[in-house]
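# Structural overview for review
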Amino acid sequence: MIPQDRIPRHVAIIMDGNGRWARKRGLPRYYGHKVGVESVREAIRTAIDFGIEYLTLYAFSRENWKRPGKEVEMIMSIFRQVLTREVAKLHREGVKIVVMGRLQDLSSDLRKRVDEAMELTKANSRLNLYLAISYGGRTEIMDAAKKMARLAAEGKLRLDELNEEDFRNFLYHPELPDPDLLIRTSGELRVSNFLLWQIAYTELYVTETLWPDFRREEFVKALEDYASRERRFGGVKAS
Ligand code: IPE
Ligand code: IPE
Ligand code: MG
């Protein structure tokens, strides 16, 4: 049993390793992405069960557009299917869905489903599910800087008085608290352009488990590990 005050409020996950999972089985990469959807369902379920308030899933980076067209198409078609088939159920469970990233990069058809899902679930509060699609941390920071520069040029913003909290208000979702825990599956020790501003003091957890194999038990292991950590935020150990 993990005490409730040791449960992270916001968990972010870099869902990596779908391709390797498929390759190990002699299957096309696509199957890894497909089976990975089941891990997404389980992560949402587990987050709800443990009273996690925010779950952010890195589903597709801006850099992932560089992949072969066929793979990108497959991934987009999975997003479309999930957003069509699963939203009603998530809505019934009280999940608020927010898609975060360069939404203008998405096809109009997918964009429509994204907008519908966000509109339908916007008043829910049991779990805030942020799906990062066509997301890049540097782009998010650049976009924020551009918005600020525009306002400053119009004389509507005094740059000298800005602090870090003011800057946050120009990010895509200022209401999203910084992640307490960032999980990355499949062993890579890097952040791959995810939530760069927000992870300044986030606890990191990397597991060798590939995303399609990352199920409830693995998630609970990460939560237990987090619960045993001491966070300092640059201060000294509380005595
Ligand atoms: C993560 O799995 C899913 C996406 C990035 C869309 P990968 O497709 O990156 O799988 P690996 O890392 O090649 O195994
Ligand atoms: C990060 O995984 C992006 C997502 C999980 C969506 P990648 O597989 O794209 O990252 P790299 O290329 O290994 O850094
Ligand atoms: Mg990868």
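Quick caveat: nothing in here was measured; it's all calculated off a predicted structure.

## Here's the deal with the environment of R29
Along the chain, the position of R29 falls in helix α2 (residues 29-49). In this structure R29 comes out as partly exposed when scored by relative accessible area, which is 35%. Considering only alpha carbons, one finds R29 and G94, 65 residues apart in sequence, at a separation of 32 Å.

## Observations concerning the packing of aromatic side chains
Within the structure shown, the criterion is met by 12 aromatic pairs. Consider the rings of Y201 and F233, whose centres lie 5.7 Å apart with planes at 50°: the pair is tilted. Of this pair, Y201 sits in the loop between β5 (181-184) and β6 (203-206) while F233 sits in the segment after α8 (216-227), and the two are 32 residues apart along the sequence. Through pairs of rings, three or more aromatic residues link up here, namely Y58, Y135, Y172 and F194. A cation over a ring is seen here: R25 above W21, with NZ or CZ 3.9 Å from the ring centre.

## Some remarks on the nonpolar core
Judged by nonpolar contacts, the single largest core of 45 residues is most densely connected at V11, I13, I44, L55, I183 and F219. The element that contributes the greatest number of residues to this core is α8, accounting for 6 residues. Residues contacting F219, with those up to four places away along its chain left out, are V11, I13, A43, T46, A47, I52, L55, I183 and F214.

Rules and cut-offs
Residues numbered from 1 in each chain as written. Chains lettered and ligands numbered in written order. Predicted model: local features only at pLDDT ≥ 70, side-chain atom pairs only at ≥ 80, totals over all residues. Heavy atoms only, no water. Helix = DSSP H or I, 4+ residues; strand = E, 2+ residues; numbered from the N terminus. Buried < 20%, exposed > 50% of the residue type's maximum accessible area, 1.4 Å probe, protein only. Phe/Tyr/Trp six-rings, centres within 6.5 Å; stacked < 30°, edge-to-face > 60°. Lys NZ or Arg CZ within 6 Å of the ring centre and 35° of its normal. Core = buried A, V, L, I, M, F, W, Y, C linked by side-chain atoms within 4.5 Å. Contact = heavy atoms within 4.5 Å.

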